[in-house]
Every structure is written in structure tokens, then in C-alpha cells.
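Letter by letter, the chains look like this.
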Amino acid sequence: MSARYLILEDGSVFAGEGFGSPAVTFGELVFNTSMAGYQEIITNPIYHNQIVVFTQPNVGNYPIVRNIYESIDPTIKGVIVRDLAAFSPLNARDISLSQYMERANIPGVTNIDTRALVHKLRAAGKPMRGSIVPVADDHAFDQLHATVLTNQQVAQVATPKPYPNPDVGQTVVVVDFGLKNGILRELSRRRLNVTVLPYTASADQILRLDPDGVVLSSGPGDPHSLKGSVLEMIRKVQSQVPLMAIGLGHELFALANGAQVDRMPIENHSMNHPIKEIMTDQIDYASQAQGYEVKRDSVDRSKLFVTHVDLLNNSVQGLHHLRYPAFSVQFFPDGAPGPDETDPLFDQFVDMMNQRGGDLNER
Amino acid sequence: MSDEAAKTVLVIGAGSNTLQRGGELDTAALSVLTTMKQCGFHTVLIDDNPFALAGDVKTAVDDSCIMPLSPENIEDVIKRYQPDMIVPTLGGRRAFRLLQSVSETGVMTEHSIQVAGVPEATVRQINNAVLMNQTLAKLKVPTKIIRTINNFQDARDMASEVGYPVIVRSVYPRTVGLRKIVHDDNELRDAVSRGIQLSQSGQVLVQQSLAGLKEIEITVIRDASGTMMSLGVAEDIDPIGIHAGDSMTVLPAQTLLDRQIQDMRNTAFAITRKLRIVGVNHLQFAFDGRHNRFYVIKISPYFDRIANMTEQATGYPLARVCGYLYAGQRLRDIHLDHGMIKHTAVTEPVMDRTAVRVPIFPFSQLDSGDQRLITEKKSVGTSLGIGRSFIEALIKGVEDPHLGWHGKQAEAIHAMSDDQLDQLLIHPQTNRIFSLLEAIRRGYSCQELAELTKIDAYYFNQLRRLVHLQKDLCENPGSVNQLKRAKYWGLSDKWIADCWQSQPNEVAQLETENQIARTYKEVDPSAGQYDQHSHCFYATFEQENESSPADGKRVLVIGTGARHLGNGTANDYCLAAMCIELKRLGYLPITVDDNPSSLLLSEQVAGKRYIEPLLAESLLSIAKLEKPELVLLPSTLASLQDRLSQVIAGGTIQIIPLNDQVEDVVSSEPLLEFNALYDGEYVYQLGTTAELQANHQLNYRTVAKRYPTTLSPDDGATVTALGEGKLRELDKPGLYQVLIKEYPDNRFKVSLCRPMPVVDIAFLSKALHLGLPAVSLRLDLGKFSGKLLMDSMRQTGNASQAAFYRALFPFKSLHIEEPPTAAKVMGAEMQFVE
């Protein structure tokens, strides 16, 4: 391994050893406190334009596993760890995390004081950009300062064309804002007949497929960077068919219904926060990865009500429409990685479609 | 609590230390009881362990009942104190059995006493495997398959279903039954026919063998409202077939996929919910990586070594939280304060560190014993290494004073032939890490070793890095870069010096010259996400240092490491009691230990703690940072005195006599112990104890005794005069013990004068109701008052009671026979007799 550096826009330099791809990349630094599931995290499309710092010090402990990818072409900009595990293949097919990242063009830096780095990110209180470079000189900093990160993140990760994932159950349209495989996995487990549409799909295009329900997927970046037509689509679809929205989808659902969504001073990427479901007073744990939050006091009570809150930072974690069978959650009920406790939300969605189906038959 | 009568809680203590449990239950009890008392409970503890501290701490326990842990005694205590609640989770599995016996008398219903932590129905299930298996079957939880079979065909069908090996046992054996592990159809045919012959009912039990699978241990906490969290998923490095307590354990699990963790977590939650547990639940799983399936093998809804390790490694104050839960709070309502943010109690702890728990075996202290690792536990102690990589944590864990990388065990294995090493890999023995490392050194491949040992290849990959590090060091003597790298991965100066054929102090010198120094990281349950403090630190060699000298009058208290034979946990008792006295006197005790069960690492004992190996370099670094005005240094580490005094510039070092290799005095004549405190001028008598005669050997040893003696006034005066005379010859104040032999015709003769052994300090503190460690500390600090001592002795004296002490040994559990000597004491029990 050769020397590599993580440089930050505040001028700090973290020296370590490189692994994965030797590419020079730029991205926003976020830290993730999950203790397992690094492969799922690295392949989640929400990390487009971001460099992820793992607080769990040992990463790369086992070979890449073929059935736990969250996307085929990961778009994460870099991986920062304290200790990349030594690895030797037991089978000819085994590839290490480092080899995988090399193929996927993702640079990594190990032997970093990640705890010091987390303290720095926390103290900054605002998103910080950084770059993974072979030499931490003025030129590298100039480039970092000159780089403008795209806000067309969804466009870069979402499918440009529709594709089906057929099964025998009810018909569901998934609108892809940066879909992670976990959502499809949960829908498949319920035998749902899925069609994935690009995020640019209009309400008419969606409804023309006559779905029993619509899922708005999670995805990367700022919900405000998407066009107003997306919000129009949501407003129309929610009035017609049951709707479930996750992550970025939740933020868009909130915007479409008049709530305000703000940048969080420090992003939260974890799976250990207590999330309270207000109706039942029950506390569950779920995978979270959010840089934006729905402002609780901006929620228009004539349209939405809050279903879930995060007890640690008081952020809105779930919304339900007052008039329509439409709900959203900020966290990832599909886990991958993360707890399964909120997985029944997919059943709730299926129940909504069942009830709705009854109505249609009567009609 | 103001307008209703205070509730009373009775805690069933752990009793004497055994191979199964050391000080971890006392440490947990101290936290739980302190918390419940703060919540307004009147606290009562029943225990007979002279080395336990909780009962002596007034801010934890209102009424301490020192008596044998029997159902009858518990019933008496219930009648006397009328508790509203009983806590059975601090006394191991025995407390569950005791509670059931007590419950069956009806006294619990009669006094409407609630059981904290577990419903009574669950207590019965924990005590009865058949009931538990029924419950697990209802939950469709995978468990080991056991079938009763009466012919070979059925046995073969089962074997092909679960795979070989299987275990065959006869049902209702006529005389001696059969128990055989079989590996193929032929062996099975023989075993089944022999087993059937030996069985009165003509049947055999065929049981799936889980040997060789990975053992996973999950700690769950649940509150009365049903909120549940996983506090940690630990992984035992050794496979099933070796007792989990004898395996090295890593937290968090290193080789599991998230999906596998979530599946076991779901099962752990389902069981915990079904058993309606409030508080801690520790579940053990056998994980079969090849078929991606698992089996539940053990459920322990009480405090134990894993609960303790999880608390120390994560920084989540598990015992304190359980205290609040027993007091009726929900996880979300608990405010931990002391530097923790709101809602930490209801947030699953995450780690930005790795912890390795290392078992410490007693065989270097024994003359005999089978050192093979099997399903029976053999280790007595535990040390914990915390680091920022697995390697660093492993290296630190093994550096306990009772093990060490450069000890005899490591050397012996280094000298073995390849054949011997092969045998050791296949038939593992204690301190297995040395043979694994040696195999890597000799070029075994990771894959080969994984097959031989059933240990995950991950660990061999990590060990190989260690071997490479060492090789690079050896090839580059004096290289600053290699030195930096070696320290970064946790190697000690001694290790580096050995590679360089130099001396540790020369290595240390090179470090100082090149500013290679330890930095400290806080054990924080949010992995840095929130600004919060556990006040517990560990060292590494990274950029950022988080520990600065604590405010206040700092006293550094250095512990004695893993529990081992000689004093049980009495060392720990004395040092922790001194810490509590230090706090009372306005000092801030700062503790260092590597023993996760140690009282010294309890937040109730010390405001600031370091989990670090007790190596000179580690201790000097902490002393240099904290600049304490006083250091309490155990006599076992007295060689550090000069170097410590150099780094603390102006502070005082007080050596605490904690000799664990107590002279073994054997006498055919009756033996008396004259105990006293000498303040340099006066001798204060603390009473005379009499050794009890060992029945089978007809001699007297210092391992069973009675306080006070039954001497006639004349003899008493003679003994006192002898003892006092001996003490006046001393020049150093302290607690002393004079051994006096009684010869026929009432002739008494002094045989030995020594600092009072710690086991006696602990026993006499309870017998006299007088905290001797505190008294001795005040003496050391120049704050001793003879008048105060006399006053408190006058108040607490109870002439009508005699206290009995009996030391316990691990011989029976280890299937060996050795004479009971003072140097091999594992634990002790005591009781008062009117």
C-alpha cells in the first residue's frame, strides 16, 4: 500500500495508506456509526458525492458477498477507515474489499484516526468537503476549493429507463431516485409485481400502468435540487393510489405537501437511534442515513401528521397523509444493513393496497 | 417517593467466587444497589463472600446480611426486612435456583413480593431445560436436535438429516451408560446397538453435535414497556466444544455479515420478549457459517462475564441502567447524567474500538491439572484489551501480569517440534493464542489453520500481520519508522527490544526522542457521534488525545490485573475500598486495570478510569499525563516505584502490600493470628483469630479460621503481649498479623510477623464491621486517628457473635487433588454464629 491523504476544505490533512482505486476524488465527508454491513453501505446509491468515514475500526474482514449489494455500480466517492483487515482468499472466487473497490473505481484510505476525524466533522457543524489525493500539496487544496460538486445527483444514479421485476402479486410502481436493492428485496419477499420507473416519470405515466401502489425510493442529495414536476407527480399519485416513500422519497413527499425540509448541520448515518412511533408509543431501531430533515413545526396539520420521531435529535422520521393512504419514513425499513424491526411497514403498505383493491372491485 | 413509604429491595448476592464467576457480579451489584438506593429504595443484600465490596458500601446497601445463601436464610431475611422486591439477577444461576426454592414455600405470595428482572414463570424455565425447550419450540427457535431412538435405521436417518458427528447416549442406563461422539454410519451402528443394550428402556438419545461451530454471544436489554436493544454482539474466537469462558472473545463480532447479525438479533429479541425479561439477557448461539444457520444454545437473563465485558467495552452503563429498570423506569425515561447526553440509555451503543477478552488460567500456580480446552471451564480470570484494531486489542489483552507475551507459556511452545505443534492445534490447550501464533510463524497457511482449528481464517490473517510486523522489526534494528509502526499496532517496548536484541528502556528512549507517545481515547457509547463522556479511557498511538488531567486532588490507583489464585478478589476489594475512602476524603481516584470484572473499573468506585495493561510503559504514560499527587501502587508492581516518582515530579508513592503469594504456614500445633494496626507509636489490637484444624489432615493452615478466639483471659493476655512486642520491633506503620503457635502446656511462640494478608483484611473488615482498607489508607495519608478507630470499634463490637471464614479452591472443578494452601485460594465464604 502507498501513502494517501484525505484533505479537508478547512485545510486539515489526514495521512494514511491507500487501498482500492488510486483515483483522486472529491466529496462531502460523512461518518457512519454502523458496526456491520460495510459492503451494503458502500454500495448504497445515497452515497453519491460522499466520502464515508466508518467509525467501526475494522473493515474488510470478509470477502465480497454476491447477494448483498445494494447497487451494481456504486457511486460513493471514497471510504475512510482505521484498519482495513488483512485478507487472503479461501476460494478462487473470493475478492477482497480492496480489490472490489479498485474495480469499482473507489479510493480508500486506511490507518486514519477516524475518531479524530469524526470529532472534527462534528465540531464543524456544517457539511465539509474533502478529497482523497496522493500528495497533500497546495495544488491538491486548490483543486478541492475549485471543485463544484454536482447537484444532479439523482439523475446520475437513477435508472434512465423503466424496467420490470415481475412477480405474481399486486402491481407496484417504484419511482427510482437512487433505489437501493433492499427495497426491491422487500417487495419481492411479498411477491409484488414491480415496475421501476425513472424519477422523471409523470403521474400520468405512472398511473397508466394501473398500479395498486407506488413506492418513492430513497436516494442521494438535496430534495430541493429536483424539479417541481416531481412534487406535482407526488401530489397527483398520492390522491389516486396508496403510496409509501422512503428517505429522499420521504423528504419529497413532505415538500409536496407543504412542509419545509432543511439541511442538517451534521448528517446522521447510523442504526442505533431510538425512533418512537407516536401512535403506539413503541421504540424501534432502524438504519438511518440522512442529511436533510423535515421541519416538525412546518408540517401542515391539515395535510400531514407526524408518525415517527428520532428521540436523539427530535427529527421527523415518519409522516402520514391525513386524507390519503400515503405515508413516508426517513429511515430505511428495508435494513440492509440494519435492524428489521420496522420491516412491517412494507406489510402496512400491502394492507393499504389490499383495502384499496377491495374498493376497486366494488366499483 | 415522598408520600409513600420507601420500598425495600432484597438482592441475592453471588456468594463466594468460583471458577464460573469472579468479581463481575459484585461490581454489577454495587452499581445496581447504588442506583436503586438513589431511586429511594431501602436496599438489603444477602451474601457470604468476604471479598465482596457492595455490602460494605453505605451508599449502596442499607442492610447487609452476611450469611450462607440458603433458601432458609433468604426466607428469614424476607421475614425480617419485608422486601417488596427481590433481585435474582446478581447471583448467577444459583440465585435463580434459590429463588425458586424460596418461592415454592409460598413466602413470596404471602408477602406479595415482586421479582425484579424476570417473571417467576421465567425463573422456572431458566431452571428447567425441558420447560425452556418447550418455549423455544413454540417460538420456532432453532435449537440443537435431540431424538429418542430405538433402532439403527432411525438413527441413520437423523444423522443424515443433521450431519455427522452426532452424540449417542443411552436412555435410563442400567449401570454405566454410553456417551459417544460418532463420525460415520459404522461408528453409529456400533454405538446405537451398544447404547440400546445398556439402556433399561432399550432406547438411545441421538443428539446433533454443534462442536466446531462459531459461538456468538448477544447481550440484550429490555424494559417493561417492551423497548429492546442489542448492547453488543460478541464472537468467541474458539469454536463450540471449548467453553466460551475459556475462549478469547471479541466485541464487536468480526466475521459476521449484517444479515446474519440481524437474524440472530431477531431471535434474541423474540426470546427476550417471550420470557418477559426486564433488564439484561445474554444469549449464546452456535453459528454454522457453511449452511448459514444458527442454533440457540444458552439463555442467561442475569449478569455475567459477557454483560460485564459489554459494559466495559461499550461504555454503556448496563448495571446502572438495570438499577433504574428494576426501580420501575423505562429506558426512555432514564437520565444517565455524569456527562452522558439525554437518551443514551435508550440508544444502542456503538463502538469505534475493538475489545478482546482473554481468559487467564491458573495452571502456572498449580502443581497438576489437565490443560486441554474442553466444554468445562478452567480459566479463573479475565483480562480485557481495548484498541483501535483487533491486533492492538489482542496484544493488550494478553499483556496481563498473569500471562504476557514473553512468559514461560509462550517460550515452551516456541521450543516445540512441528509434530507437537500439530497436536496442540488439533487438541487445543490453555493459552492457545501462543500455538496459533507459532503456527503462523512456521508458515502454516491461514486456510490450513482454519481447517485444523475451526477458527475463522480472519483471525489467522490478522495474526499473520503480527508476524510480518515482527519480521520487519527484526530486519530493521533501530528503525524509527518500524518503531512507529510497531507501536501503532500495539507492540510493547519489550517485544520490540527482543526483536532488536536491545533493552526496553532503550526502545522507550528512542520513542521519546521521536515523539512517539500514547494518546488516549474515551470509551464513548456513540462512537464519537455525540459529545458525551464515560470518563473511561484506553490508549493507542494516534493523532488526537482526549484525556487531560482531571480536576481535583488526583490519586492514581493501580490495580492488580486478572483474578488469579492466592487472594481471589480480595486485592480488588482492598483497592476499591480505598478509592471510596479517597473520595470521602475529597480526593479524585483515577484507576487503571485490565480486569474488566474489577471493582476499580466501576464508575461507582472511581471518577476516571483507564482500561490498560499493567505494563510499566502504560502506567508511566498515564502517570505522566495525570501528574497525580499520590499513587497507590500494589506491592506486586513495587519495582516501578523509582521510575514512577521521576514522572510524577513531587507526588508521593504509597506501596500497598497486596502480596498474593502468601507464605503457606502449616502447623501441627494450634495456630493463632494476632491482628493489629501499628501507627508507628501505638499498637491497636484488631483481635485474634484462630485457625481451624483441617479434619482430614489434622493440621492447621491459614485457610479456615474463626474470629475471635476462645482463649482464656490469661492466654489472651499472653498472646497480646507477644504480638504487641513483635510489632514494636517494626519501623513502618501499617496493618500487621503475627502468627503465634500454641504448644502444649500453654506455651505460646511467635512464628511469623507479616503485613496482614489481603484476604484477612477483607474478612476482618466484615467481622469487625470496620473498613480496614480505609483505616490503612488514612494511616498512609497521615490522617489516622487512634481515637476514631477505638470509637468505631466500640460502636460496632458485638461480643456475642463469632465470625467464621473458610477459603475455597478450584481443585474439585479442575479434577485435581492438591493441599489447600494460602497461595491457591480462589474465593472464600464467611458466616456469623451467635
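Residues numbered from 1 in each chain as written. Chains lettered and ligands numbered in written order. Predicted model: local features only at pLDDT ≥ 70, side-chain atom pairs only at ≥ 80, totals over all residues.

With an unreviewed UniProt entry as reference, chain B is termed Carbamoyl-phosphate synthase large subunit, source organism Limosilactobacillus secaliphilus. UniProt lists a comment for chain B under the heading Sequence similarities (unreviewed entry), and it reads "Belongs to the CarB family." Quoted verbatim from the Catalytic activity (unreviewed entry) field of UniProt, the annotation for chain B is "hydrogencarbonate + NH4(+) + 2 ATP = carbamoyl phosphate + 2 ADP + phosphate + 2 H(+)". (UniProt positions renumbered as here; feature names shortened; annotations may be inferred.)

An unreviewed UniProt entry annotates chain A as Carbamoyl phosphate synthase small chain originating from Limosilactobacillus secaliphilus. For chain A, the Sequence similarities (unreviewed entry) comment in UniProt is given as "Belongs to the CarA family." Regarding chain A, the relevant UniProt record gives this comment under Subunit (unreviewed entry): "Composed of two chains; the small (or glutamine) chain promotes the hydrolysis of glutamine to ammonia, which is used by the large (or ammonia) chain to synthesize carbamoyl phosphate. Tetramer of heterodimers (alpha,beta)4."

## Some thoughts on the overall build of chain A
When you go through chain A residue by residue, the secondary structure sums to 10 helices and 21 strands. Radius of gyration (C-alpha) of chain A: 21 Å, near the 21 Å computed for a compact globule of 363 residues. Principal-axis analysis of the C-alpha atoms places the extent of chain A at approximately 70 × 50 × 35 Å. Evaluated residue by residue, chain A yields a buried proportion of 56% over its 363 residues. Within chain A, counting contacts between residues at least 6 apart in sequence, those at least 24 apart form 73% of the total. (Helix = DSSP H or I, 4+ residues; strand = E, 2+ residues; numbered from the N terminus. Rg over C-alpha atoms; globule rule 2.2 N^0.38 Å. Buried ≥ 20, exposed ≤ 12 C-beta atoms within 10 Å, placed from the backbone. Contact = placed C-beta atoms within 7 Å.)

## Topic: the sheet that holds strand E18 (residues 536–540) of chain B
All names here are of chain B. Taken in spatial order, the 7 strands line up as E17-E18-E21-E20-E19-E22-E23 in an open sheet, and their pairing is mixed. On the outer flanks of this sheet lie strand E17 (519–522) and strand E23 (652–656), each paired with one strand and no other. Sheet twist, expressed as the mean angle between neighbouring strand axes with direction ignored, is 25°. Judged from the 6 bridges that link them, strand E19 (residues 553–558) and strand E20 (residues 587–593) form a sheet pairing that is parallel. Counterpart to Leu-556 in the pairing with E20 is Ile-590. (Pairing = 2+ DSSP bridges. Axes fitted to C-alpha atoms, helices over the stretch in contact; angles between N-to-C directions.)

## Some thoughts on the UniProt feature "binding site: L-glutamine" (unreviewed entry) in chain A
Residue and element names in this part refer to chain A. As recorded in UniProt, the sites labelled "binding site: L-glutamine" (unreviewed entry) are Gly-219, Gly-221, Leu-248, Gly-291 and Tyr-292. The largest pairwise C-alpha distance within this set of annotated residues, which runs over 74 residues, is 11.7 Å, so the set is compact in three dimensions. Looking at the element boundaries, Gly-221 is found in the loop between strand E13 (213–216) and helix H8 (228–240). Not counting the four nearest positions on each side in its chain, Gly-221 is found in contact with His-48, Asn-49, Asn-151, Gln-153 and Val-154. Mapped onto the fold, Leu-248 is located in helix H9 (residues 248–256). Discounting chain neighbours no more than four positions away, the residues touching Leu-248 are Phe-177, Gly-178, Ser-218, Gly-219 and Pro-223.

## Topic: the sheet that holds strand E14 (residues 293–300) of chain B
Across a sheet, strands are paired by hydrogen bonds formed along the backbone, either parallel or antiparallel in direction. Residue and element names in this part refer to chain B. Here we have 7 strands laid out as an open sheet, ordered E14-E13-E10-E11-E12-E15-E16, and antiparallel in their pairing. The open sheet has two edge strands, E14 and strand E16 (381–387), and neither has a second partner. Going across the sheet, the axis of each strand differs from the next one's by a mean of 25°, ignoring polarity.

## What about the domain arrangement of chain B?
On domain assignment, one finds that chain B holds domain 1 (8–116), domain 2 (146–208), domain 3 (214–349) and domain 4 (666–798). Placing a centre on the C-alpha atoms of domain 2 of chain B and another on those of domain 3 of chain B gives a separation of 36 Å. (Domains from an automatic or database assignment.)

## A closer look at the interface of chain B and chain A
Each partner contributes to the interface: chain B provides 42 residues, whereas chain A provides 40 residues. Sorting the residues of the side of chain B that touches chain A by element identifies helix H9 (258–274), helix H16 (446–453) and helix H17 (457–475) of chain B as the ones contributing at least two each.

## Here's the deal with the domain arrangement of chain A
Residue and element names in this part refer to chain A. Structurally, chain A comprises domain 1 (3–149) and domain 2 (154–362). One C-alpha centre belongs to domain 1, the other to domain 2; they are set 28 Å apart. Taken together, the 23 residues of domain 1 in the interface contact 22 residues of domain 2. Looking at the side of domain 1 that touches domain 2, the elements with two or more residues in it are strand E3 (25–32), helix H1 (38–42) and helix H3 (114–124). Counting residues per element, the side of domain 1 that touches domain 2 draws most heavily on E3, which supplies 3 residues. Looking at the side of domain 1 that touches domain 2 residue by residue, the classes come out as 9 nonpolar, 10 polar and 4 charged. (Nonpolar A, V, L, I, M, F, W, Y, C, P; charged D, E, K, R; others polar.)

## Focus: the pairing of strand E12 (residues 193–198) of chain A
All names here are of chain A. Across 3 bridges, strand E10 (residues 163–165) lies against E12 in antiparallel orientation. Pairing of Asn-165 across the sheet is with Val-194, part of E12. The pairing of strand E11 (residues 171–176) with E12 spans 6 bridges and is parallel. Across the sheet, Asp-176 pairs through a bridge with Pro-198, a residue of E12.

## Brief notes about the UniProt feature "domain: ATP-grasp" (unreviewed entry) in chain B
Mapped onto this numbering, the UniProt entry annotates "domain: ATP-grasp" (unreviewed entry) at residues 133–327 of chain B. Note that residues 133–327 of chain B is 34% helix and 31% strand, and that its end C-alpha atoms are spaced 31 Å apart.

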